[in-house]
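Listed here are the chains, written in short residue letters.
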Amino acid sequence: MVDRLVNSEANSCRIAAVENCFGSSGQPLAVYGRVLVGEGVLTKMCRKKPKPRQFFLFNDILVYGNIVINKKKYNKQHIIPLEEVKLENLNDEEVLKNGWFIRTPTKSFAVYAATATEKSEWMAHINKCLEDLLKKTGKKQSTEHAAVWVPDAEATTCMHCRKSQFNVINRRHHCRKCGAVVCGACSNKKFLLPSQSNRPVRVCLACYNTLSKSATINTLEETPMDSKQELPDSSGEDSDEEGNSNNQKKRADSNEEATRDLEVLSIDDKPTFYRNHSELEMCENTTKTTEDNQNQPNSDNKTNATNNASITDISESCNESSGVIQSSDSSVEHSSLS
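Residues numbered from 1 in each chain as written. Predicted model: local features only at pLDDT ≥ 70, side-chain atom pairs only at ≥ 80, totals over all residues. Heavy atoms only, no water.

### Considerations on the pattern of salt bridges
Link 1 in the chain: Counted by the stated rule, this structure contains six salt bridges.
Link 2 in the chain: A salt bridge links Lys139 to Glu83, with the shortest nitrogen-to-oxygen separation between them at 3.7 Å. A residue pair is termed long-range when its members are at least 10 positions apart, and Lys139 in the loop between α2 (116–137) and β8 (173–174) and Glu83 in the loop between β4 (73–81) and β5 (86–89) qualify at 56 residues.
Link 3 in the chain: Classification of Lys139 as partly exposed rests on a relative accessible area of 40%.
Link 4 in the chain: A relative accessible area of 15% means that Glu83 is categorised as buried.
Link 5 in the chain: A salt bridge links Lys128 to Asp132, with the shortest nitrogen-to-oxygen separation between them at 3.6 Å. Of this pair, Lys128 and Asp132 both sit in helix α2, four residues apart, which is roughly one turn of that helix.
Link 6 in the chain: Judged by its relative accessible area of 23%, Asp132 falls in the partly exposed class.
Link 7 in the chain: When salt bridges that share partners are traced, they join Arg47, Lys48 and Asp152 into one network. (Salt bridge = Lys/Arg side-chain N within 4 Å of Asp/Glu carboxyl O. Helix = DSSP H or I, 4+ residues; strand = E, 2+ residues; numbered from the N terminus. Buried < 20%, exposed > 50% of the residue type's maximum accessible area, 1.4 Å probe, protein only.)

### Some thoughts on the nonpolar core
Link 1 in the chain: If you look at the biggest cluster of nonpolar residues, it comprises 21 residues, and the most contacted ones within it are Phe55, Leu57, Trp100, Ile102 and Trp122.
Link 2 in the chain: Elements with a minimum of two residues in this core: β1 (36–45), β2 (50–58), β3 (61–69), β6 (99–103), β7 (109–112) and α2.
Link 3 in the chain: With five residues, α2 is the largest single contributor of residues to this core.
Link 4 in the chain: Formed by 19 residues, the second largest nonpolar core is a distinct cluster that contains Val181, Cys183, Cys204 and Tyr208. (Core = buried A, V, L, I, M, F, W, Y, C linked by side-chain atoms within 4.5 Å.)

### Some details on the packing of aromatic side chains
Link 1 in the chain: Tallied over the entire structure, the rule returns seven aromatic pairs.
Link 2 in the chain: Centre to centre, the rings of Phe22 and Tyr74 are 5.7 Å apart; their planes meet at 55 degrees, and the pair counts as tilted. In this pair, Phe22 sits in helix α1 (residues 9–22) while Tyr74 sits in strand β4, placing the two residues 52 residues apart along the sequence. The residues Phe22 and Tyr74 share a single accessibility class, namely buried.
Link 3 in the chain: Aromatic side chains Phe56 and Tyr74 sit 5.7 Å apart centroid to centroid with 65 degrees between the ring planes, which places their arrangement in the edge-to-face category. (Phe/Tyr/Trp six-rings, centres within 6.5 Å; stacked < 30°, edge-to-face > 60°.)

### With respect to the pairing of β7
On a regular strand, one side chain projects to one face of the sheet and the next to the other, so that they alternate.
Link 1 in the chain: In β7, alternate side chains face the same way, and those of Phe109 and Val111 on one face and Ala110 and Tyr112 on the other are all buried.
Link 2 in the chain: Judged from the two bridges that link them, β1 and β7 form a sheet pairing that is antiparallel. Within β7, the residue paired with Thr43 across the bridge is Tyr112.
Link 3 in the chain: By the bridge criterion, four bridges tie β6 to β7 in an arrangement that is antiparallel. (Pairing = 2+ DSSP bridges.)

### Observations regarding the environment of Tyr112
Link 1 in the chain: You can see Tyr112 is positioned in strand β7.
Link 2 in the chain: In the structure, Tyr112 is positioned 13 residues away from Gly99 in sequence and 4.0 Å away in space, judged by C-alpha atoms.

### Describing the pairing of β2
Link 1 in the chain: Burial of β2 is extensive: eight of the nine residues sit out of reach of the surface.
Link 2 in the chain: Across nine bridges, β1 lies against β2 in antiparallel orientation. Counterpart to Gly40 in the pairing with β2 is Phe55.
Link 3 in the chain: Hairpin geometry of β2 and β3 is characterised by an intervening segment of two residues between the two adjacent antiparallel strands.

### Description of unusual backbone geometry
Link 1 in the chain: The backbone of Lys71 sits at a positive phi, close to 65 degrees, despite the residue not being glycine.
Link 2 in the chain: Along the chain, Lys71 turns up in the loop between β3 and β4.
Link 3 in the chain: Lys71 gets classed as exposed once you look at its relative accessible area, which sits at 52%.
Link 4 in the chain: Notably, Lys76 is not glycine yet its phi reads approximately 50 degrees, a positive angle.
Link 5 in the chain: With respect to the helices, strands and loops of the structure, Lys76 is situated in strand β4.

### Describing the environment of Cys129
Link 1 in the chain: Checked against the element boundaries, Cys129 lands in helix α2.
Link 2 in the chain: Distance in space between the C-alpha atoms of Cys129 and Asn59 is 5.4 Å, their sequence separation being 70 residues.
Link 3 in the chain: Dropping the residues within four chain positions of it, Cys129 is found in contact with Val37, Leu57, Phe58, Asn59 and Leu82. (Contact = heavy atoms within 4.5 Å.)

So this is what it looks like as structure tokens:
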């Protein structure tokens, strides 16, 4: 349903504006046939705490990044092919509400919208774009997805041995297979998970034993590591090393940056979807009715004139509700569909 936006100037301007916001640190997004369907701020559950992230939904990819200056500058661009995405609903909690899981083969995480309406809009548009993409390209949706990491704050002791207390010296680690927070002794093995990395990654002992037993069947390659060797606990944008003063300073700077980012949540910034699927259906039905009326004989001029005027009003209403782009200071201004 977004095909009519493919070659439009408005769509080209929107995509160019997103590229400008990411600057040289981002990848080019202008690809033939690509349409920007919607954008907005969602709260992403990171390893340390929830943080706001800017999301962009295209008809073939999902893009998100850190907010440096709201609506002007973003960094740490992440691009997810839409056929890899699987959505899973999250029940509301006391503090975190209106959330759902975004699962992919390489990384899975939870996001939260400001309202229940925004949550339903995001999930409906993502699922619709995914459905259209699979139907149009014949691609297969990914069936294997990475585990969602348990936030650090939810585990004060190792979730494997239940004994080891975490502190500055005894660091937290995450199993890449199950997402549990474990101590170093309970995660001193690595295993090759092809969907996540081309190198063996850290897993807990329970997952390592399970994977080792099924290695022959699943043709997975195991790579054990010496328990004395230090294994980096990197998770991309949320990685955080501990144990020395320099790393502690980095954590302090990171927390200060997170505090600045969270200030964005106080801004009333509703997501914008440039094409509402139900609206497109209404416009298509209106166009069809107009063509049918033009093919009918003019038995009653007065009646036809009234019908044509009514149809024209509806068509104009549909056109006015479409996204409108005006370029000003490298920014994009548009109307939001509720």
